[in-house]
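Take a look at the letters that make up each chain.
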Amino acid sequence: MPLRSDWSEAGCVIARAADVLADPWVLVILRELFSGRSRFDELRDATGAADSVLARRLRTMTDAGLIRHAESGGYALTNAGERTLPILHAYAGFTRAVEPPSDGGLRISCTRCGTEAVSADWCPTCAAPLDAESTTWMRPSMGEPFPVVGGGPR
Ligand SMILES: [Zn+2]
């Protein structure tokens, strides 16, 4: 049986998503886009990716419909890209549960009511979806909490 390397046409919906998303570079690029970084140099500096690595992932993410070229010259999340937010939250929750980081790691809260998230996708207090319009992140490396940045017009 040949080794499988392309899951984009797989019958399993998890495997199809993993074809693009199961790449640490893609996940950290998404993290930085949600954190408000959009230009190539900002993404390179924040992720530590080599230019060639970053360029290849940005092309893959553009082809997959997760990001688009923004009028500002950088990159912006598409609606499909915004839908990856709970996936990033699930990764963060998994790490906190299995191997809690000493600095607390990424903290996720509801922008509407301030409650800290206990799930990847819903506020336990006001039941708002933890989407790009109602999610606040606090990253130890970035200081103050900030609302995540989606792909809407700005
Ligand atoms: Zn809430």
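Above this note sits the structure.
Residues numbered from 1 in each chain as written. Predicted model: local features only at pLDDT ≥ 70, side-chain atom pairs only at ≥ 80, totals over all residues. Heavy atoms only, no water.

1. What to know about the layout of surface pockets
- Considering only enclosed or pocket space, the largest pocket measures out at about 450 Å³ in volume.
- Together, 18 residues line the largest pocket, and R31, L88, Y91, A92 and L106 are the ones closest to its centre.
- Where the lining of the largest pocket is concerned, the elements lending two or more residues are α2 (24–34) and α6 (85–98).
- A total of five residues in the lining of the largest pocket trace back to one element, the largest contributor, which is α6.
- Across the lining of the largest pocket, the residue classes break down as 10 nonpolar, four polar and four charged.
- Residue contributions to the lining of the largest pocket reach at least three from each of two domains, namely domain 1 (13–82) and domain 2 (85–147). (1 Å grid on protein atoms, 1.4 Å probe; cavity = no way out; pocket = protein on both sides within 12 Å on 5 of 7 lines; lining within 4 Å. Points joined across faces, edges and corners; volume = space filled by probe spheres on them. Helix = DSSP H or I, 4+ residues; strand = E, 2+ residues; numbered from the N terminus. Nonpolar A, V, L, I, M, F, W, Y, C, P; charged D, E, K, R; others polar. Domains from an automatic or database assignment.)

2. Regarding the environment of A55
- With respect to the helices, strands and loops of the structure, A55 is situated in helix α4 (residues 51–63).
- The exposure class of A55 is partly exposed, given its relative accessible area of 30%.
- Through-space distance from the C-alpha of A55 to that of F40 is 8.3 Å; in sequence the pair is 15 residues apart. (Buried < 20%, exposed > 50% of the residue type's maximum accessible area, 1.4 Å probe, protein only.)

3. Side note on the coordination of the zinc ion
- At 2.3 Å from the zinc ion lie its protein donor atoms, namely C110 (SG), C113 (SG), C123 (SG) and C126 (SG).
- Between the four donor atoms coordinating the zinc ion, the angles at the centre fall across 99 to 123°, so the site counts as tetrahedral.
- Sequence positions of the residues that donate to the zinc ion give the spacing C-x2-C-x9-C-x2-C. Pair noted here: C110 is in strand β3 (residues 107–110) and C126 is in the loop between β3 and β4 (135–138), with a separation of 16 residues, a long-range link.
- Residue C110 is classed as buried on the basis of its relative accessible area, which comes to 2%. (Donors = N, O, S within 2.8 Å, 3.2 Å for Na, K, Ca; no water. Tetrahedral: all angles 85-135°; square planar, octahedral: opposite > 155°, others 65-115°.)

4. Quick word on the packing of α2 against helix α3 (residues 40–47)
- Interaxial distance between α2 and α3 falls to 10 Å at its minimum, and their mutual angle equals 120°. Considered as vectors, α2 and α3 are oriented oblique to each other. Here α2 runs over α3; the crossing is right-handed. Taking contact as the criterion, the partners of W25, V28, I29, R31, E32 and L33 in α2 are, on α3, L43, A46 and T47.
- Of the residues belonging to the contact of α2 with α3, the class tally is six nonpolar, one polar and two charged. (Axes fitted to C-alpha atoms, helices over the stretch in contact; angles between N-to-C directions. Parallel < 35°, antiparallel > 145°, perpendicular 65-115°, else oblique. Left-handed = near helix turned anticlockwise from the far one by under 90°. Contact = heavy atoms within 4.5 Å.)

None of the figures reported here should be taken as evidence of function without further support.
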